[in-house]
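# A look at the structure
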Amino acid sequence: MEDVLDVYQRPYDPKRPIVGLDEASKRLHATPCGRLPLEPGQSIREDHKYERRGVANLFRAIEPLRGCRKVRGTARRTVENLNTHGPGALDEAFGPEEAYRLAARFEWHYTPEHGRWLNIAECELAVLATQCLGQRIPDTDTLIREVTAWEARRNNAHAKMIWQFTTADTGIKLRRLYPVVKEQNLSLT
């Protein structure tokens, strides 16, 4: 945990950007009966019936200190933590020689298994989910169109993510998670 927090405290350096990466799925649902009629001042209302249309995949990359993000939607869902979270993914995408060259330029830091809250790309997903994905999305093309528009708005606003929880905070706020070592007075009499 401290390793990731230390990375988040680094100042912005365009030659060594901090980039968070992750993937998530989005269930696709159509509304076969359409939306219900609106009256002035009402929110969009949809019929409770929906039609399942599969699952799409969202790959996210965010450079939080620069306020830049990229979200890519695909129709195919891959398996979490197997092929997109390390240097091996570069080999699949670029071939061995280019992957080796690229991997040497990266410094990999992984969030702890139960530390999704530490993953800055997950935090950005919460913003994406709230601002864009809270509606029914019927197909991958609509998902890509919606996510692309959201991404453009966030990037044009240079919406940055400033991480405020520091390594120093862990000893105070998370002390219950750290083991307590008690000294025992042992005498040799």
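In what follows, the accompanying structure is described. (Residues numbered from 1 in each chain as written. Predicted model: local features only at pLDDT ≥ 70, side-chain atom pairs only at ≥ 80, totals over all residues. Heavy atoms only, no water.)

## So, the overall build of the chain
Counting its secondary structure elements, the chain contains six helices and five strands. The linear arrangement of helices and strands in the chain, starting from the amino end, is α-β-β-β-β-β-α-α-α-α-α. Out of the 189 residues belonging to the chain, those deemed buried represent 31%. Counted over contacts in the chain with a minimum sequence separation of 6, partners at least 24 positions apart contribute 67%. With an accessible surface of roughly 13400 Å², the chain has 53% of that area assigned to carbon and sulfur atoms. (Helix = DSSP H or I, 4+ residues; strand = E, 2+ residues; numbered from the N terminus. Buried < 20%, exposed > 50% of the residue type's maximum accessible area, 1.4 Å probe, protein only. Contact = heavy atoms within 4.5 Å. Areas by Shrake-Rupley, 256 points an atom, 1.4 Å probe, with all protein chains shown as cover.)

## Re the sheet that holds strand β4 (residues 51–63)
Strands sit in the order β1-β4-β5 across an open sheet of three strands; the sheet is antiparallel. The outermost strands of the open sheet, each flanked by one partner alone, are β1 (20–30) and β5 (68–74). Each strand axis lies, on average, 25° off the axis of its neighbour in the sheet, ignoring direction. With seven bridges connecting them, β4 and β5 associate as antiparallel partners. Counterpart to Phe59 in the pairing with β5 is Arg72. Its contacts with the sheet place helix α4 (residues 120–131) against β1, β4 and β5, and it is angled at close to 130° to β4. (Pairing = 2+ DSSP bridges. Axes fitted to C-alpha atoms, helices over the stretch in contact; angles between N-to-C directions.)

## Considering the packing of helix α2 (residues 87–94) against helix α3 (residues 96–105)
At a minimum axis distance of 7 Å, the contact between α2 and α3 shows a crossing angle of 140°. Remark: the crossing between α2 and α3 carries right-handed chirality. Side by side, α2 and α3 meet where Pro87, Leu90, Asp91 and Phe94 of the first sit next to Pro96, Glu98, Ala99, Leu102 and Ala103 of the second. Split into classes, the residues belonging to the contact of α2 with α3 amount to seven nonpolar, no polar and two charged. (Left-handed = near helix turned anticlockwise from the far one by under 90°. Nonpolar A, V, L, I, M, F, W, Y, C, P; charged D, E, K, R; others polar.)

## Digging into the packing of aromatic side chains
Taken as a whole, this structure holds three aromatic pairs when the rule is applied. Seen from their ring centres, Tyr8 and Trp163 are 4.7 Å apart, and the 50° between their planes marks the pair as tilted. Of this pair, Tyr8 sits in helix α1 (residues 2–8) while Trp163 sits in the loop between α5 (140–156) and α6 (167–173), placing them 155 residues apart in sequence. The class for Tyr8 is buried, based on a relative accessible area of 12%. The exposure class assigned to Trp163 is buried, which follows from its relative accessible area of 15%. When the ring of Phe106 is compared with that of Trp108, the centres are 5.7 Å apart and the planes differ by 85°; the resulting orientation is edge-to-face. (Phe/Tyr/Trp six-rings, centres within 6.5 Å; stacked < 30°, edge-to-face > 60°.)

## Describing the environment of Tyr100
Of note, Tyr100 is situated in helix α3. According to the relative accessible area criterion, Tyr100 is exposed, its value standing at 67%.

## Description of the side chain of Glu63
Within the element layout of this structure, Glu63 appears in strand β4. Glu63 gets classed as buried once you look at its relative accessible area, which sits at 11%. Sequence-distant contacts of Glu63, that is, excluding residues within four places in its chain, are made with Tyr12, Pro17, Ile18, Val19 and Cys68.

From the geometry alone we can't say anything about function, so treat these as descriptive.
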